[in-house]
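# Summary of structural features
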Amino acid sequence: MLNLKQRKPDVRAFVRDLEQWLIESLALFGVKGERREGRVGIWVARGAREDKIAALGVRVRRWVTFHGVSLNVEPDLSHFGGIVPCGIRQHGVTSLADLGILVTMADVDVALQQAFRKVFG
């Protein structure tokens, strides 16, 4: 169970924790997910380019959070053709499958649960 009462309310820290959750989850599959200054989401370095592998969104209203995360497992990446991640045209989108990591949604659920406990307690 989350014990947020012990923490000072801090939206930026909450967003960083969500990012860390995704980074830790990816690490369980051997993927190095990274933050980038000035960009939202989690990025994977791929030689000379970087691709977005996970996205998150947070809305806070009266200290109630509405949030979501998206981790690309095996989407049809052609559907992202008209999407510019974070408005940055020089970067693309990737997925675990695109990186050669074939996992099931059940595998991803287990990784997310394990990483959640590590990040949020």
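To start, this report covers the structure provided alongside it.

Rules behind the numbers
- Residues numbered from 1 in each chain as written.
- Predicted model: local features only at pLDDT ≥ 70, side-chain atom pairs only at ≥ 80, totals over all residues.
- Heavy atoms only, no water.
- Phe/Tyr/Trp six-rings, centres within 6.5 Å; stacked < 30°, edge-to-face > 60°.
- Helix = DSSP H or I, 4+ residues; strand = E, 2+ residues; numbered from the N terminus.
- Buried < 20%, exposed > 50% of the residue type's maximum accessible area, 1.4 Å probe, protein only.
- Pairing = 2+ DSSP bridges.
- Lys, Arg positive; Asp, Glu negative; His and termini not counted.
- Salt bridge = Lys/Arg side-chain N within 4 Å of Asp/Glu carboxyl O.
- Polar contact = N/O pair within 3.5 Å; in protein donor to acceptor, adjacent residues only side chain to side chain.
- Core = buried A, V, L, I, M, F, W, Y, C linked by side-chain atoms within 4.5 Å.
- Contact = heavy atoms within 4.5 Å.
- Patch = residues over 30% accessible without salt bridge, like charges linked within 9 Å, V, L, I, M, F, W, Y side chains within 5 Å.
- Areas by Shrake-Rupley, 256 points an atom, 1.4 Å probe, with all protein chains shown as cover.

What the rule picks out here adds up to three aromatic pairs. For the pair W21 and F116, a centre-to-centre distance of 5.4 Å together with 80° between the ring planes defines the contact as edge-to-face. Within this pair, whereas W21 is found in helix α1 (residues 11-27), its partner F116 is found in helix α2 (residues 105-120), the two being separated by 95 residues in sequence. Its relative accessible area of 28% is what places F116 among the partly exposed residues.

The subject of this paragraph is the pairing of strand β4 (residues 64-71). Here strand β3 (residues 49-61) pairs with β4 via eight bridges, running antiparallel. Paired with L56 across the two strands is V69, which belongs to β4. Between β3 and β4, which follow one another and run antiparallel, lie two residues, and R62 among them has a positive phi close to 55°.

On the secondary structure map, K52 appears in strand β3. Although K52 is buried, it forms no salt bridge, and the closest oppositely charged side chain is E19 at an N-O distance of 8.9 Å. A distance of 3.3 Å separates the side chain of K52 from the backbone oxygen of V40, its partner in a polar contact.

Before going further, it helps to spend a moment on the nonpolar core. Core analysis: the largest hydrophobic core is formed by 23 residues, its most contacted members being F29, I53, L96 and V108. With six residues, the single largest contributor to this core is α1. Non-local contacts of F29, meaning those with residues more than four positions away in its chain, are made with L96, I101, V103, D107, V108 and A111.

Glancing now at the pairing of β3. Sheet analysis places strand β2 (residues 39-46) next to β3, joined by five bridges and oriented antiparallel. Bridged to W43 within β3 is K52. Counting the residues in the hairpin turn of β2 and β3 gives two residues, including G47, whose phi is positive at 70°. Of the strand pairs in this sheet, β3 and strand β5 (residues 92-93) are connected by two bridges, and their pairing is parallel. In the sheet register, K52 faces β5, and the bridge partner there is V93.

To continue, consider a nonpolar patch on the surface. Taken together, the side chains of V11, V58, V60 and W63 define a hydrophobic patch exposed on the protein surface, amounting to about 340 Å² of accessible area. Checked against the element boundaries, W63 lands in the loop between β3 and β4. For W63, a relative accessible area of 60% gives the class exposed.

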